[in-house]
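Here's the letter readout for the chains.
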Amino acid sequence: MSGTALAALASAGIPHRVLRHGPVRSVAEAADALGVEVPDVVKTLVVRRAEQDYVFVLVPGDRVMSWPKLRSLLGVNRLSLPGADEARSATGYERGTITPFGSRGAWPVVADERIRGRSITLGTGEHGSAVALDADAALDALAGTVADVSDPEPPDPPGP
């Protein structure tokens, strides 16, 4: 686990377990490797509101971020996903490892309401690991805003 993320979790006093796994290519593979359900693998997305102004969005693994819901919640007309280099510059973490804990910027956190009351996993700032923790404790420590900001994952398109 990234020393920065681990130090931030320890500083916040949040009980957690570090889980190691091999390479994964999807949320479903991550859930299988971690021994958890897909909704408990929480994706941390970095969303750009304006130049050098970001927000972390936490979404359950079986759902996708809803742009209209997030724009409405934040009271903005335009949001975007930064490129990989910009996301790393803003957070200190590579895509696929991003966590709000220990990020370079103390960006606001918006969490989908469906993670409340669950035991979840988050990125650790390092590939091949995750941290398991109580969602409510994490959201309290992050002063997260909880709202409906996701939609169901669209079904896979039919095969050939």
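Just so it is clear, the structure is predicted and the values come from calculations on it, not from any experiment.

Conventions adopted
Residues numbered from 1 in each chain as written. Predicted model: local features only at pLDDT ≥ 70, side-chain atom pairs only at ≥ 80, totals over all residues. Heavy atoms only, no water. Pairing = 2+ DSSP bridges. Helix = DSSP H or I, 4+ residues; strand = E, 2+ residues; numbered from the N terminus. Axes fitted to C-alpha atoms, helices over the stretch in contact; angles between N-to-C directions. Contact = heavy atoms within 4.5 Å. Salt bridge = Lys/Arg side-chain N within 4 Å of Asp/Glu carboxyl O. Buried < 20%, exposed > 50% of the residue type's maximum accessible area, 1.4 Å probe, protein only. Core = buried A, V, L, I, M, F, W, Y, C linked by side-chain atoms within 4.5 Å.

A.B. asks: Could you give an account of the sheet that holds strand E2 (residues 42-50), with specific residues and numbers?
C.D. replies: Paired through backbone hydrogen bonds, the strands of a sheet run either parallel or antiparallel to each other. The four strands lie next to each other as E2-E3-E5-E8, forming an open sheet whose pairing is mixed. Edge strands, defined here as strands with exactly one partner in the open sheet, are E2 and strand E8 (145-147). If you compare each strand with its neighbour and ignore which way they point, the axes differ by 25 degrees on average. Bridge count between strand E3 (residues 53-60) and strand E5 (residues 109-112): three bridges; the pairing is parallel. Following the sheet pairing, Val57 is matched in E5 by Val110.

A.B. asks: Pulling in residues and values, what's your account of the sheet that holds strand E1 (residues 16-20)?
C.D. replies: Taken in spatial order, the three strands of this open sheet run E1-E7-E6, and their pairing is antiparallel. The outermost strands of the open sheet, each flanked by one partner alone, are E1 and strand E6 (119-123). Within the sheet, the average angular offset between the axes of one strand and its neighbour, ignoring direction, is 30 degrees. Sheet analysis places E1 next to strand E7 (residues 129-134), joined by five bridges and oriented antiparallel. Pairing of Arg17 across the sheet is with Ala132, part of E7. In the packing of helix H5 (residues 135-142) onto the sheet, contacts are made with E6 and E7, and the angle to E7 comes to roughly 90 degrees.

A.B. asks: Give me the pattern of salt bridges: which residues, what numbers.
C.D. replies: Oppositely charged side chains are able to pair whenever their charged atoms sit close together. Taken as a whole and assessed by the stated rule, the structure comprises 14 salt bridges. Across the pair Glu153 and Lys43 runs a salt bridge whose closest N-O atoms are separated by 3.9 Å. One end of the pair, Glu153, is in the segment after strand E9 (150-152); the other, Lys43, is in strand E2, with 110 residues separating them in the sequence. Looking at Glu153, the relative accessible area reads 41%, which means it is partly exposed. The closest approach of N and O atoms between Arg48 and Glu86, which form a salt bridge, is 2.7 Å. On the criterion of sequence distance, the pair formed by Arg48 in strand E2 and Glu86 in helix H4 (residues 84-91) is long-range, its members being 38 residues apart. The partly exposed category is assigned to Glu86, whose relative accessible area is 27%. Shared partners join several salt bridges into a network, and the residues in it are Lys69, Asp112, Glu113, Arg114, Asp148 and Asp151.

A.B. asks: Tell me what's going on with the nonpolar core, and back it up with residues and numbers.
C.D. replies: Among the nonpolar cores identified, the biggest contains 24 residues, and Leu58, Phe101, Ile115, Ile120, Leu122 and Leu133 are the most heavily contacted of them. Those elements that place two or more of their residues in this core are helix H1 (3-12), E2, E3, H4, E5, E6, E7 and H5. Excluding residues that lie within four positions of it along the chain, Phe101 makes contacts with Ala5, Ala8, Leu9, Ile14, Tyr93, Leu122, Ala138, Ala141 and Leu142.

Read these as spatial facts, not as claims about activity.
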